[in-house]
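Read off the chains here:
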Amino acid sequence: MIEEGRTFVYGTHYWRPPTPLRDTHERNLAHIKHDLGFDLVKFRMLWNWHHREPERFAFDEVHEMFDICDRIGLAVLIEVNLESAPYWLERVHPEARYVNANGRAIELGSQEATPGGGHPGLCFHHPTVVEEAQRYLVRLVDEFKGRPSLYAYDCWNEPHLEPAWCNMMWGNTGDFTFCYCDGSRREFRQWLQGVYGEIDVFNEAWGRAYTDFEQVSPPILQGNYADWLDWFRFWFDSLAENMAWRVRTIKGRDPNRQVISHSGAVPPVLPRAGAVIHNWKFAEPVDKWGTSFAPQAFGWPLSTCAMVAEVTRGAARGKDFWISEMPGGASNIRGFRRSWPPQPEHYRLWNWLTAAHGSRGTMHWSYLPERTGQEAGGYGMMRPDGTDNPRSLAIAETARRLKRHEDVIMGWTPPTQVAVLYDPDISSLLFAMELTDERYGKTHTGYYRAIWSADLLARYLTPETLDDVREPVLIAPMMLVMDDATAEKLARYVRDGGTLILETRTGLFDRHGYMRATLPAGALAEAAGVVEGEAVCSDPENQPTVPTADGRILVDPDADLPDLDPISLGPPIAFSEPVKTSVRAHGYLAPLELRGARPIAAWGSLTLGAHHAYGRGQVYTIGTYLGLAMDKRIAEAVDLVRMVLLRHARPVVRGNRLRPRMIGDGERAILAVFNDHRREAVTEAVPVPERYMMATDVYTREAVAVVDQAVELTVPAEDCRVLLLER
């Protein structure tokens, strides 16, 4: 039985039609409950699968599965899928199809995540779609709310602007940019009128000469940045309201059960600007938040795995979060190729890593491999015939260990020492600039490498949530867009005693995409004690290039082009503190004119780093993008930022080459120690907090000696050791 707030929930996705076969449910569900020892299974309820005619709903197979779960005591999570609209509705309302920037209406069909068809659904900017979807939601909840085994509703799987992830390997950017149907155009104009009120105010913001809002169209060209910033803001708000509508509808019929959701991408970890994901807005109306988690699909190092958990916890804003989809097997890379399959030890590693960063449970995707489509043969923890393999046995073993210590895990909240500012507007701006926000993601993952290596924990904030920042250090990476109010909040944070780390071109554009004449933005110029000079595009990978009329950039080795000036090639920046080192410029280089700050970095006569005491705090300003350097694993850059962090923040426990994390601080606690070296086992003495005198290996149950308030551990490559600490 799941006790909310006390049970570390462990389970797996089970049913997404047409997988698994109907005559295997009894055997499979019994195995999940009795042999694997899981608490929970998930059924994905596809709208088109169950609502096949206007007045006919088909739930027979689902009731069969619920009968089994009721009988054996296995909890069920219903996952609502409205991104699979009924074909009869499409036929009656073809105008409700999503339309991409190239003008193509997307007909319903199958997709890797929706093999049962109906993808990508219909646009919710058409009232009939909302009415029919609500009718289905109400019927779905009424059908199953009396079931004893029903645990909760996941009201939206991986919320985003759904067609953006259509599988068209032949498509261009316009094919993946949505939605330009008449309904979305109408709603966008109404949204603009609500934001700006008067047409003259709007014209001032966009730099136009409209006489009526009806003349405005959403952007399809790389034009002014205001167009794209507002277009994506409109979609952030529209999708957030759709999430709130789902929660209201379900709660209206079943008010006592949780309604949850989970992200399929965790910006800024993954470049997904076109999918319009704002997890802070999406998480606000739900009871619990989660994330999909696929290290092997993206080749994430452990630092990025930890970052995914921290960003998810930040978006949850104090609510419980969990890993909603941890891979059970290899993931697909298109249809023929597969990622490397996770090894049994990865499930120990990933589960304890995410638990150490605050996760309250794990669900796997999925129990069996998918039977058809792009995901066929992948993701399943079991063999296709439903028998165990080494992965499923290792998963069950780690689930038992986690649940044995759930009192420690569930009774603890990770203490964060670093805040990181993330703004979805910057992803939107970069999309308008170059059709991807990849640079912003790399900057953030780079900074998290330093946070990870300093054994600190982070909380991710957006400009709207800056008021409650409490950590001693705040990092604001690549803040290309900033309004004066955000600049004032950051300056106030420093005045009140915080340490702020800024990169070059902070607040380059205002919220409408207009360049500022003076940087850093607003009140930050005084707080930082510097004014930026002219920025130069500078990177070690820069080459002489030739822009073309169609927007491509050519690098022609035979072209007679002048050599680049050394300032454009990422020259070495010499730092004098907090450690003497040298790091090449990445992305841009902007000299700093000191207005009260003192220099800490230079290239030749140019000052490129400064420290300024302001109020009770201080600001570090760096005249390049250190995050991009750290993303490349440039050790000198990581060491530099780590030293800044450790000067102003203290980790709970600190390692050398191993990365220790504490879970809990009571009579009993867990020490999880991670080795992020992919090929080398590491042995070292890991400190233990003074109040703990005994340590026991959670897996072997053997005592580990605590000598001089440390335990000596050998951790295999890319693995972990987990110890129970007692007073």
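None of the values given here were measured: they were computed from a predicted structure. (Residues numbered from 1 in each chain as written. Predicted model: local features only at pLDDT ≥ 70, side-chain atom pairs only at ≥ 80, totals over all residues. Heavy atoms only, no water.)

So what exactly am I meant to see when it comes to helix H11 (residues 302-316) here?
The periodicity of an α-helix, 3.6 residues per turn, causes residues three or four positions apart to be oriented the same way. In this model, H11 (15 residues) spans 21 Å end to end at C-alpha, consistent with the 21 Å of a helix rising 1.5 Å per residue. Counted residue by residue, H11 has 15 buried out of 15 residues, so it is predominantly covered. Positive backbone phi, at 50 degrees, marks arginine 317, one or two positions downstream of H11. (Helix = DSSP H or I, 4+ residues; strand = E, 2+ residues; numbered from the N terminus. Expected span 1.5 Å × (residues − 1). Buried < 20%, exposed > 50% of the residue type's maximum accessible area, 1.4 Å probe, protein only.)

Is there a simple way to explain the nonpolar core in this structure?
Membership of the largest hydrophobic core comes to 211 residues, with the highest contact counts inside it found for Leu29, Phe43, Met45, Trp206, Trp352, Leu645 and Phe674. The leading source of residues in this core is helix H8 (residues 225-253), at 14 residues. In terms of nonpolar packing, the next biggest core, distinct from the first, is built from 17 residues, Met662, Val673, Val688 and Tyr692 among them. (Core = buried A, V, L, I, M, F, W, Y, C linked by side-chain atoms within 4.5 Å.)

Just checking my understanding: could you explain the sheet that holds strand S24 (residues 581-584) for this structure?
Within a sheet, adjacent strands bond to each other through the backbone by hydrogen bonds, running parallel or antiparallel. With respect to topology, nine strands assemble into an open sheet ordered S16-S15-S17-S18-S29-S28-S27-S23-S24, the strand pairing being mixed. Every interior strand has two partners, whereas the edge strands, strand S16 (458-461) and S24, have only one. Strand-to-strand twist of the sheet, defined as the mean angle between neighbouring strand axes without regard to direction, takes the value 20 degrees. As judged from the five bridges shared by strand S27 (residues 598-603) and strand S28 (residues 606-614), these two strands associate in the antiparallel manner. Across the sheet, residue proline 599 finds its bridge partner in S28, namely alanine 610. (Pairing = 2+ DSSP bridges. Axes fitted to C-alpha atoms, helices over the stretch in contact; angles between N-to-C directions.)

It is not clear to me how the packing of aromatic side chains should be interpreted in this structure. Could you clarify?
In this description, a pair of aromatic rings is defined by centroid distance and the angle of the planes. With the rule as written, the count across this model stands at 34 aromatic pairs. Both rings, one in tyrosine 10 and one in phenylalanine 38, keep their centres 5.3 Å apart while their planes meet at 50 degrees; by these two values the pair is tilted. With tyrosine 10 in strand S1 (residues 9-15) and phenylalanine 38 in the loop between helix H1 (25-35) and strand S2 (40-46), this pair connects stretches of sequence that are 28 residues apart. For the pair tyrosine 10 and phenylalanine 38, one class covers both residues: buried. Cation over ring: arginine 348 sits above tyrosine 699, and NZ or CZ is 5.4 Å from the ring centre. Positioned above the aromatic ring of tyrosine 588, the side-chain terminus of arginine 505 is 3.6 Å from the ring centre. (Phe/Tyr/Trp six-rings, centres within 6.5 Å; stacked < 30°, edge-to-face > 60°. Lys NZ or Arg CZ within 6 Å of the ring centre and 35° of its normal.)

In this structure, what is going on with helix H16 (residues 438-453)? I would like to understand it.
Look at H16: 23 Å from first C-alpha to last across 16 residues, which is about the 22 Å you get at 1.5 Å a residue. Burial runs high along H16: 13 of the 16 residues are buried. The positive-phi residue at the C-terminal boundary of H16 is aspartate 455, with phi of around 60 degrees.

Which parts of the structure should I look at to understand the pattern of salt bridges?
A side chain of one charge can pair with a side chain of the opposite charge when the charged atoms of the two come close. Enumeration over the complete set of coordinates arrives at 56 salt bridges. Put simply, arginine 56 and glutamate 53 hold a salt bridge, and the shortest N to O gap is 3.2 Å. Judged by relative accessible area, arginine 56 falls into the partly exposed class, the value being 40%. Accessibility expressed as a relative area gives 41% for glutamate 53, which makes it partly exposed. The partner of lysine 632 in a salt bridge is aspartate 539, with the nearest N and O atoms 3.9 Å apart. Here lysine 632, found in the loop between helix H19 (626-631) and helix H20 (635-648), pairs with aspartate 539, found in the loop between strand S20 (536-537) and strand S21 (546-547); they are 93 residues apart in sequence, far enough to count as distant. Classification of lysine 632 by relative accessible area gives partly exposed; the value is 36%. (Salt bridge = Lys/Arg side-chain N within 4 Å of Asp/Glu carboxyl O.)

Would you explain the side chain of histidine 586 in this entry?
Mapped onto the fold, histidine 586 is located in the loop between S24 and strand S25 (588-589). Among the residues examined, histidine 586 registers a relative accessible area of 2% and is labelled buried. A polar contact is formed between the side chain of histidine 586 and the backbone oxygen of arginine 584, at a distance of 2.9 Å. Beyond its immediate stretch of four places on either side in the chain, histidine 586 contacts Ser538, Asp539, Pro540, Thr624, Tyr625, Leu628, Ala629, Lys632 and Ile634. (Polar contact = N/O pair within 3.5 Å; in protein donor to acceptor, adjacent residues only side chain to side chain. Contact = heavy atoms within 4.5 Å.)

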